[in-house]
Amino acid sequence: MILVLVVEDDPVAAEAHRQYVERVAGFTVAGVVHSGGEALRFCERHAVDLVLLDFYLPDTHGLAVCRALRASGNPADVIAVTSARDLAVVKAAVSVGVVQYLLKPFTFGSLRDKLERYAEFRGSSGEAADQTDVDRALAALRTPGHNALPKGMSAQTMDAIVGALRAAPDGMPAGTAAEVTGVSRVTARRYLEYLADNGLARREPRYGHVGRPEVWYRANP
């Protein structure tokens, strides 16, 4: 069983990440903390195999946490879970040993794919017969998965829907999302429902003057 520490300052997001991890076979949550200092203290006192690490923490940056872990000799691996899209940050993360980098917001399927690939990498053992074996072991971490989104759903459309939703703090119905992104209302609703089912958005019924309430969708933090 792979022991995971969830480091996330937002309590709602932290709970969602905890639940996501617990849904993946072979993984269990060793703890949930909300700051860099708490993360380092937890790793000093408890066994941790993998840290699911937010980079924007109230007391420090996730990169500083990574450096502190390495300086102390802690062998825990790190998967960055962050909204930091600056490629300089991505390069710095690689330099301090971050094994995977997952951008927020993400779906359960995206995290599951990262965890399963990490488990495959971690399970590699023995001596490599040749370069092919080495490449295969590293590819377990680096090769994109095929199951992050259901069949028929594209990452490009998902990014557009998520972007539209996050740009509307009061939320929006499927019809508005369709207009903003240029997809059909049915398609927009499918993506919005997927986000809601995976904890990245929430449904809010809005009551008009007559008829059934209209479902609005609002991005979760």
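Note that the structure is a prediction, hence the values are computed from the model and not measured.

### A look at the sheet that holds strand S3 (residues 50-53)
Here is step 1: The sheet built from five strands is open, its strands ordered S2-S1-S3-S4-S5 with parallel pairing. In the strand order of this sheet, the two ends are held by strand S2 (27-33) and strand S5 (98-103), each with one partner. Recorded for the sheet is a direction-independent mean angle of 20 degrees between the axes of neighbouring strands.
Here is step 2: Both strand S1 (residues 2-7) and S3 contribute to a ladder of four bridges, which runs parallel. Residue Leu5 lies in a different strand from S3, and its bridge partner there is Val51.

### Details of the packing of helix H2 (residues 36-45) against helix H3 (residues 62-71)
Here is step 1: At a closest axis distance of 10 Å, the pairing of H2 and H3 adopts a crossing angle of 20 degrees. Comparing their axes, H3 and H2 come out roughly parallel. Two packed elements cross with a definite hand, and for H2 against H3 that hand is right-handed. Residues Gly36, Leu40 and Cys43 of H2 touch H3, and the partners they reach there are Val65, Ala68 and Leu69.
Here is step 2: For the contact of H2 with H3, a count of residues per class yields five nonpolar, one polar and no charged.

Reading the values: rules and limits
- Residues numbered from 1 in each chain as written.
- Predicted model: local features only at pLDDT ≥ 70, side-chain atom pairs only at ≥ 80, totals over all residues.
- Heavy atoms only, no water.
- Pairing = 2+ DSSP bridges.
- Helix = DSSP H or I, 4+ residues; strand = E, 2+ residues; numbered from the N terminus.
- Axes fitted to C-alpha atoms, helices over the stretch in contact; angles between N-to-C directions.
- Parallel < 35°, antiparallel > 145°, perpendicular 65-115°, else oblique.
- Left-handed = near helix turned anticlockwise from the far one by under 90°.
- Contact = heavy atoms within 4.5 Å.
- Nonpolar A, V, L, I, M, F, W, Y, C, P; charged D, E, K, R; others polar.

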